[in-house]
Amino acid sequence: QVQLAESGGGLVQPGGSLRLSCTASLGFFPTTVMAWHRQAPGKERELVASLTAGGSTNYADSVQGRFTISRDRSGKNLFLQMNSLRLEDTAVYYCSAHSGAVVRWGQGTQVTVSS
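Calculation rules
Residues numbered from 1 in each chain as written. Predicted model: local features only at pLDDT ≥ 70, side-chain atom pairs only at ≥ 80, totals over all residues. Heavy atoms only, no water. Helix = DSSP H or I, 4+ residues; strand = E, 2+ residues; numbered from the N terminus. Buried < 20%, exposed > 50% of the residue type's maximum accessible area, 1.4 Å probe, protein only. Contact = heavy atoms within 4.5 Å. Pairing = 2+ DSSP bridges. Axes fitted to C-alpha atoms, helices over the stretch in contact; angles between N-to-C directions.

### Things to note about the environment of Ser 56
- In this fold, Ser 56 is placed in the loop between strand 5 (46–52) and strand 6 (57–59).
- Judged by relative accessible area, which is 47%, Ser 56 ranks as partly exposed.
- Here the alpha-carbon distance between Ser 56 and Asn 77, two residues 21 residues apart in the chain, equals 16 Å.
- The contacts of Ser 56, once residues within four sequence positions are left out, are Ser 50 and Leu 51.

Spelled out as structure tokens, the structure:
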């Protein structure tokens, strides 16, 4: 029983901020990496940010300096703080948990940046 659920998406003005959350119920699933991905209209799904069990982070060039990935102490909640949002950040955002070659996905949450 492995479940991921995103929340926190919505409509925001350019330059605004949103904080996405991903609640994980992973059970027996040794997770080495958790990540945020997004899929914009007409585009392929892309990696936005990743976080290893050891705390190392990686960011797409397009969000570097604007987005921050983090987790809480329990390990059950993953966050994506998004600042200085741009129109091109509009997408469905998904969280994922990785254990070796096995990946679990959340259902996605819509982020719309618009005036």
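Read on for the rest.
### Quick look at the sheet that holds strand 3 (residues 18–25)
- Taken together, 4 strands build an open sheet; the order of strands is 1-3-8-7 and the sheet is antiparallel. Both edges of this open sheet fall to strand 1 (3–7) and strand 7 (67–71), since each of them pairs with a single strand only. For this sheet, the mean inter-axis angle between neighbouring strands, taken without regard to orientation, is 15°.
- By the bridge criterion, 6 bridges tie strand 3 to strand 8 (residues 77–82) in an arrangement that is antiparallel. Note that in strand 8 the partner of Cys 22 across the bridge is Leu 78.

### A closer look at the pairing of strand 8
- With 5 bridges joining them, strand 7 and strand 8 adopt antiparallel strand pairing. Residue pairing in the sheet places Arg 71 in a bridge with Leu 78 of strand 8.
- Counted between consecutive antiparallel strands, the loop separating strand 7 from strand 8 contains 5 residues, among which Gly 75 sits at a positive phi close to 80°.

### Considerations on the pairing of strand 9 (residues 91–99)
- In terms of residue burial, strand 9 counts as a mostly covered element, since 8 of its 9 residues are buried.
- The sheet contact formed by strand 4 (residues 33–39) and strand 9 spans 7 bridges and is antiparallel. What sits directly across from Ala 35, in strand 9, is Ser 96.
- Bridging between strand 9 and strand 11 (residues 109–113) involves 3 bridges; their strand directions are antiparallel. What sits directly across from Ala 91, in strand 11, is Val 111.
- As paired elements, strand 9 and strand 10 (residues 102–105) share 4 bridges and run antiparallel to each other. Across the sheet, His 98 pairs through a bridge with Val 103, a residue of strand 10.
- Where strand 9 hands over to strand 10, the hairpin turn is made up of 2 residues, of which Gly 100 adopts a positive phi near 60°.

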